[in-house]
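Secondary and tertiary structure notes
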Amino acid sequence: MERKECVFLDRNNHSQLVTTTPSTSRPVLFLLLGIGIGYLITQVLVWPIMHLKSHTNRTARSTPLDIDLTGEVRVLCFVYTKPSNHKTQAKAVWETWGRRCNKLIFFSSRTDANLSGTVALPVSPNYRESWLKTKMALKYLHEHHLNEADWFLEADDETYVVMENLRYMLYPYSPQLAIYFGSPGTVMSRAALRRLVQLALPNPAKCEPKDAGATAGKLRECLENVNVRAGNTYDSKGRRRMHLIEPQARSNLFLRYDPNSWFWKFLVYRTQDGIFAWSKYAVSFHYVHHHYIHCFEYMIYRLRSFGRKQIEESLPAKFYTVEEKVPGAQPMDAEQEVPADYAY
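Residues numbered from 1 in each chain as written. Predicted model: local features only at pLDDT ≥ 70, side-chain atom pairs only at ≥ 80, totals over all residues. Heavy atoms only, no water.

**Re unusual backbone geometry**
- Even without being a glycine, Asn227 presents a positive backbone phi close to 65°.
- Overall, the relative accessible area of 29% leaves Asn227 in the partly exposed class. (Buried < 20%, exposed > 50% of the residue type's maximum accessible area, 1.4 Å probe, protein only.)

**What to know about helix H2 (residues 86-95)**
- Among all positions of H2, only His86, Gln89, Ala90, Ala92 and Val93 are buried.
- Looking at the packing, one finds that the buried side of H2 touches strand S1 (75-80), strand S2 (103-108) and helix H9 (290-301). (Helix = DSSP H or I, 4+ residues; strand = E, 2+ residues; numbered from the N terminus. Contact = heavy atoms within 4.5 Å.)

**Topic: the nonpolar core**
- Ranked by internal contacts, the top residues of the largest apolar core, which has 40 residues, are Trp97 and Leu166.
- Taken together, the elements giving at least two residues each to this core come down to S1, H2, S2, strand S4 (151-156), strand S5 (160-161), helix H4 (163-170), strand S6 (179-181) and H9.
- Of all the elements, H4 adds the most residues to this core, at five residues.
- Dropping the residues within four chain positions of it, Trp97 is found in contact with Cys77, Val79, Leu153, Ala155, Thr159, Tyr160, Val161, Met163 and Glu297.
- Phe107, Trp131, Cys222 and Val228 belong to the second-largest nonpolar core, a separate cluster that totals 31 residues. (Core = buried A, V, L, I, M, F, W, Y, C linked by side-chain atoms within 4.5 Å.)

**Observations regarding the packing of helix H5 (residues 190-200) against helix H6 (residues 218-225)**
- Contact geometry for H5 and H6: axes closest at 9 Å, N-to-C directions at 90°. With respect to H6, the axis of H5 lies roughly perpendicular. Every residue of H6 that contacts H5 at Ala192, Leu196 and Ala200 is listed here: Leu219, Cys222 and Leu223.
- Grouping the amino acids of the contact of H5 with H6 by side-chain chemistry returns six nonpolar, no polar and no charged. (Axes fitted to C-alpha atoms, helices over the stretch in contact; angles between N-to-C directions. Parallel < 35°, antiparallel > 145°, perpendicular 65-115°, else oblique. Nonpolar A, V, L, I, M, F, W, Y, C, P; charged D, E, K, R; others polar.)

**A few points about the pairing of S4**
- Counting buried positions along S4 yields six of six residues, so the element is predominantly enclosed.
- Residues of S4 alternate between two faces, with Trp151, Leu153 and Ala155 on one and Phe152, Glu154 and Asp156 on the opposite face, all of them buried.
- Two elements, S1 and S4, share six bridges in a ladder whose sense is parallel. Opposite Cys77, over in S4, you have Leu153 as the bridge partner.
- The pairing of S4 with strand S7 (residues 187-189) spans three bridges and is classified as antiparallel. Paired with Trp151 across the strands is Ser189, a residue of S7. (Pairing = 2+ DSSP bridges.)

**Concerning the confidence of the model for the chain**
- Taken as a whole, the chain shows an average pLDDT of 77; of its residues, 67% reach a score of 70 or greater.
- Between residues 48-57, whose pLDDT stays under 50, and residues either more than four places distant or in other chains, the model counts two contacts.
- The low-confidence segment residues 326-344 (pLDDT under 50) makes 44 contacts with residues lying over four places distant or belonging to another chain. (pLDDT = per-residue confidence, 0-100.)

**A look at the sheet that holds S6**
- Strand order in the open sheet formed by seven strands is S3-S2-S1-S4-S7-S6-S8, and the pairing between neighbours is mixed. The open sheet has two edge strands, strand S3 (118-120) and strand S8 (229-230), and neither has a second partner.
- Running at roughly 165° to S2, H2 makes contact with S1 and S2 of the sheet.
- Here H5 sits on the sheet and contacts S4, S6 and S7; the angle it forms with S7, its principal contact strand, is near 90°.

**Some thoughts on the pattern of salt bridges**
- Counting across every chain of the model gives nine salt bridges.
- Across the salt bridge formed by Asp150 and Arg74, the nearest N and O atoms sit 3.1 Å from each other. With Asp150 in the loop between helix H3 (131-144) and S4 and Arg74 in the loop between helix H1 (22-55) and S1, this pair connects stretches of sequence that are 76 residues apart.
- Ionic contacts of the salt-bridge type, sharing partners, join the residues Arg74, Asp150 and Arg190 into one network. (Salt bridge = Lys/Arg side-chain N within 4 Å of Asp/Glu carboxyl O.)

**Here we look at the state of the cysteines**
- Tallied over the entire structure, the rule returns two disulfides.
- Two residues, Cys77 and Cys101, share a disulfide whose sulfurs are 2.0 Å apart. Sign of the S-S torsion, about -95° for the bond between Cys77 and Cys101, identifies this disulfide as left-handed. With Cys77 in strand S1 and Cys101 in the loop between H2 and S2, this residue pair connects regions lying 24 residues apart in the sequence. Here Cys77 matches Cys101 in class, with each residue buried.
- The connectivity of the disulfides in the chain is 1-2, 3-4, where the numbers refer to bonded cysteines in sequence order. (Disulfide = S-S within 2.5 Å.)

What follows is the structure, encoded as C-alpha cells:
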C-alpha cells in the first residue's frame with residue numbers, strides 16, 4: 001500500500017513548509033487590495049466633500065449644538081476683583097462662565113496661585129473696581145494682549161455672562177470697527193480698545209485724568225469722545241440683553257417702573273415692566289452672588305425639560321468694514337451700517 005504524503009505541518013518539524021496552491025491565495029490578495037483602494041478613495045474624495053458641505057452655509061437653519069463661535073468670535077474677558085473675593089466671587093467666575101472665554105484675566109491688587117490668570121496692579125486691596133484700576137487694566141491689555149482677541153469684555157466678579165449669547169450678538173460686527181456694547185459687562189472691539197488707550201487716556205480733554213473714584217460713566221465718555229460708537233444691545237422687540245441686576249431681584253424689587261428708583265434712573269431707555277421684557281438671548285447679569293452664579297450655570301447648561309422641542313437657530317449675515325489704519329479717523333456709523341433687528 002502506498003503511503004500518502006501529509007501536506008500539514010508536523011508539530012515537531014518547524015522547518016517544514018505548508019504547501020498551498022495559487023487558487024487559495026488569490027481571493028485573499030484581491031480582498032486586501034480592495035480594502036486598500038476603498039480606504040484611499042474615502043480619504044481623498046469622500047471626506048473632503050463631507051467636510052465642506054458641513055461648513056458651507058453658516059447661516060442655514062441648524063440645531064443648537066451645531067454652532068460654536070468660540071474660534072470665530074474671540075473674546076478676552078478681564079474681571080475686576082479683590083483679595084477678599086478670590087475664594088468666593090472670583091472663584092465662581094473661574095469655575096463657570098469664565099471658562100468659555102478665549103482668555104480670562106483677573107485684575108486684583110495681588111496675584112493668587114489658586115486663582116489662575118490673576119494680574120496684580122498697584123491699587124488698593126479694599127476696592128474691587130476703581131477708575132485708576134480700570135485705566136491701568138486697559139493699558140495692560142493694550143500692551144500685552146491686543147492681538148490675542150477680537151473683543152475685550154470688562155466685568156467685575158459679581159457678573160454672570162452667557163458667552164454663547166455674547167458671541168452671537170457680536171458675530172455680525174468686525175473687530176476692526178470702533179464700537180462698544182454695554183453695560184454692565186462692557187465689551188469693546190479691538191479697534192475701540194486701541195483708540196481708547198492711544199487717543200483718549202493720554203488726553204485730559206477726552207478722558208478724566210484724575211484717578212480717584214469709581215469708573216461709573218467715565219469709560220463710556222472716554223470711548224465716545226474718540227468716536228467709538230455705542231452698539232445696540234436690544235433685540236428687535238426692544239428687550240434688553242445686558243442687565244444691571246439678576247432676575248430674582250428684578251422680579252421682587254424692581255418689577256414695576258419707579259421714576260425715583262436708582263435702577264430706573266440708571267437705564268438709558270425704559271423697557272417694559274417685568275422680567276418678560278428681557279430678551280430670550282440675554283448676555284449678562286450683574287450683582288449676582290457667587291452661590292447664584294453656580295445656580296445660573298445649572299439652570300442654563302444642565303437643566304433640561306424632557307420632550308420639549310429644540311428651536312431652530314441661525315446666524316445673521318456679517319457686516320464687514322475697512323480696517324482702521326489712521327488713528328483718530330472717523331469710524332463707520334455702526335448704527336446705520338448694521339440694523340438693530342438683525343436676528344430673532
